[in-house]
Every structure is written in C-alpha cells, then in structure tokens.
Amino acid sequence: MRPPVNREELLLRIQALEFTGIDLGLYLNTHPNDTRALADYNQISAALAQTRAAYEQAFGPLMNFGQSQSRCRWAWVDEPWPWEV
Amino acid sequence: MWVYEKKLEYPVRVSGPNPKLAKTVITQYGGPDGELAASLRYLTQRYTMPTSQAKGVLTDIGTEELAHMEIVAALVYNLVKGATLGEIKAAGMEGYYADHDRALYFVNGDGVPWIASYIQSKGDPIADLHENMAAEEKARATYEHLINLSDDPLVTDVLRFLREREVVHFQRFGETLNIVHDFLNCRKVW
Ligand SMILES: [Fe+2]
C-alpha cells in the first residue's frame, strides 16, 4: 500500500478496516469456532490499530476519555466533527 | 460504557441542499422502523437474554445502530443545511422549521414524534428475537422506499449501505434465535 496523501484517504482506510472488524465481529458472535474468520479478525484488528495510530499522529485523536493521546495540546475539540462534510 | 469515535461508520456526502429528500430520510432517524428505535430496542432487551452469545449480539448490533443513527443525522443535517426558506416551504417542511429550524429532531416523515411504543422488550427471548428480525426487515423495506424516492445519487449510495446492514443484522438475529432455541430446549420441558 502506498502512503496516504491526505486526511480523507487515511480516514477512508480506517473506515474500511473498521467496517471489516464490525462485520467479522458480528459474524464471530454466532460462529465463534470459525478459526479462519478469527484469524482475519485479528489481522485487521492489528492493521486498524496501526492505521489509527498514524491518523492520530497527523490529525489528532479519534477518541476521548483516555483512549487516545493528545500530544502537545488538547486537539479533541478541533474541527471537523464527523457530520461536517 | 460507550466511547465515541470521531468518525462516521460510512462516509456521507450529499450533492446539495434538498429539504424534500431530508423530509423523507428523517423517518430513519425518528420513525417507527428507524435507527433510534433499533438501537434502543436491542440495547434494552439485552439484559434479559438467556445466553452470553445473545447478550453480545444485542450489545453489538445495538451499538452499530447508534452509528447508523449518526449517519442518518449527517444526511438530514447536510440536506437542510444550506436550504433557503423558499426551498423549505416548497418541500412542505415549514411546520418542522417552525419548531426546530434546521436542527435534528426525532420525527417520522410526517412530523410524528418518536415514541417508546415503537419498540418492545418482552422478557421472553423468543418473542424479542422475532421482533428484532421483523424490525430488521421493516428497516430494510423502509430503506428501499427511500431509495425509490431519492433523487441524489450520493444519498442513494449511503441508503444502499444502510439497507445492506439490515440484511446482515436479520441474518445474525436468525442465527441467535437458533442458538437460544437450542439452549432453551435442553433446559426446559413444558
Ligand atoms: Fe439493523
């Protein structure tokens, strides 16, 4: 994968990875013994953590309440909010 | 507890102000088969589910529905954001405007406010899971009606994503119903 060029592109990558996590997570709730789905889930979970860290480094925290660090200054309340498109 | 993520589950774009479309889409915010009803239905039924798996399914789908509520809100917000009063009147949205301006409120397409009797919580897991499967099908049908009404391809794209999620949720609730059936059958004799 080539490096992301902008915020939108990195966000889209996070949305794609997290959507895979949502869908696989729901599937695993009713198919907990599917080892292939479990391996896929763990793989995207690691990729999501990496991509999220890269995003937060450049564009600020995706979560409050101690879930993400806000380096140097408090950036949680910076715009844009997700519905401001 | 819950933690907010500063992102949408699926990207939202609209082609421009379109209060006429917003007036119909808002039913998935505060209508009988909308995302608020879906989320609250599952999150309140989960406490009395008999198996750990079923509690997990209702917790997770109830949580995803909250993300869908935010997506619908983002659609409505952006469809009325730049609309003129003339456009709002032409869309038949002046009654809504009188009470709410361009703010979000939980109503259906005709302005009827959300009520708790849209949902049930029976304490009987078989009854509750059947209600949830029906709710997913009703939400799917509503999204299909909205897709038929949509004249904005960007909005239609988002509505298609939300429709597809209802299909997946229906499938997962059906599997959960089987799991709960098996559990109850080996524990109870009537
Ligand atoms: Fe759903």
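Up top is the structure these notes are about.
Rules used throughout
Residues numbered from 1 in each chain as written. Chains lettered and ligands numbered in written order. Predicted model: local features only at pLDDT ≥ 70, side-chain atom pairs only at ≥ 80, totals over all residues. Heavy atoms only, no water. Helix = DSSP H or I, 4+ residues; strand = E, 2+ residues; numbered from the N terminus. Expected span 1.5 Å × (residues − 1). Contact = heavy atoms within 4.5 Å. Polar contact = N/O pair within 3.5 Å; in protein donor to acceptor, adjacent residues only side chain to side chain. Buried area = accessible area lost by both parts, 1.4 Å probe. Salt bridge = Lys/Arg side-chain N within 4 Å of Asp/Glu carboxyl O. Nonpolar A, V, L, I, M, F, W, Y, C, P; charged D, E, K, R; others polar. Core = buried A, V, L, I, M, F, W, Y, C linked by side-chain atoms within 4.5 Å. Buried < 20%, exposed > 50% of the residue type's maximum accessible area, 1.4 Å probe, protein only.

Explain helix 2 (residues 35-59) of chain A to me, please; I cannot follow it from the model alone.
Since the α-helix turns once every 3.6 residues, residues separated by three or four places project in the same direction. Residue and element names in this part refer to chain A. Taking 1.5 Å per residue as the helical rise, helix 2 with its 25 residues ought to reach 36 Å, and the 35 Å between its terminal C-alpha atoms agrees with that figure. Its buried side turned inward, helix 2 meets helix 1 (7-30). Where helix 2 starts, the residue carrying a side-chain oxygen 3.2 Å from the main-chain nitrogen of R36 turns out to be D34. Looking at the residues trailing helix 2, positive phi occurs at G60, about 100 degrees.

Explanation requested: the interface of chain B and chain A in the structure shown.
Accessible area lost on assembly of the parts is the figure often given for the size of an interface. Residue-level contacts link 32 residues of chain B with 31 residues of chain A. Among the residues of chain B in contact with chain A, B:K6, B:K7 and B:R172 are the three that bury the most area, contributing 28% of the side total. Between chain B and chain A we count three salt bridges in total. Residues A:R52 and B:E5 are paired through a salt bridge, measuring 3.2 Å at the closest nitrogen-oxygen approach. Our count for the contact surface shared by chain B and chain A stands at 11 residue pairs in polar contact (both at pLDDT 80 or more). Looking at the side of chain B that touches chain A, the elements that each hand over two or more residues are helix 4 (52-81) and helix 8 (153-185) of chain B. Its residues assigned to classes, the side of chain B that touches chain A comprises 15 nonpolar, five polar and 12 charged.

Would you take a moment to explain the nonpolar core for this structure?
Residues and elements named next belong to chain B. Ranked by internal contacts, the top residues of the largest apolar core, which has 35 residues, are V12, V72, L75, V155, L159 and L162. Only helix 1 (19-25), helix 3 (35-45), helix 4, helix 7 (125-149) and helix 8 provide two or more residues apiece to this core. With nine residues, the top contributor of residues to this core is helix 4. Each residue touching L162, except ones within four places of it in the same chain, is listed here: E35, H68, I71, V72 and Y143. Membership of the second largest hydrophobic core comes to 16 residues, among which are M49, L58, I126 and F173.

By themselves these figures say nothing about function.
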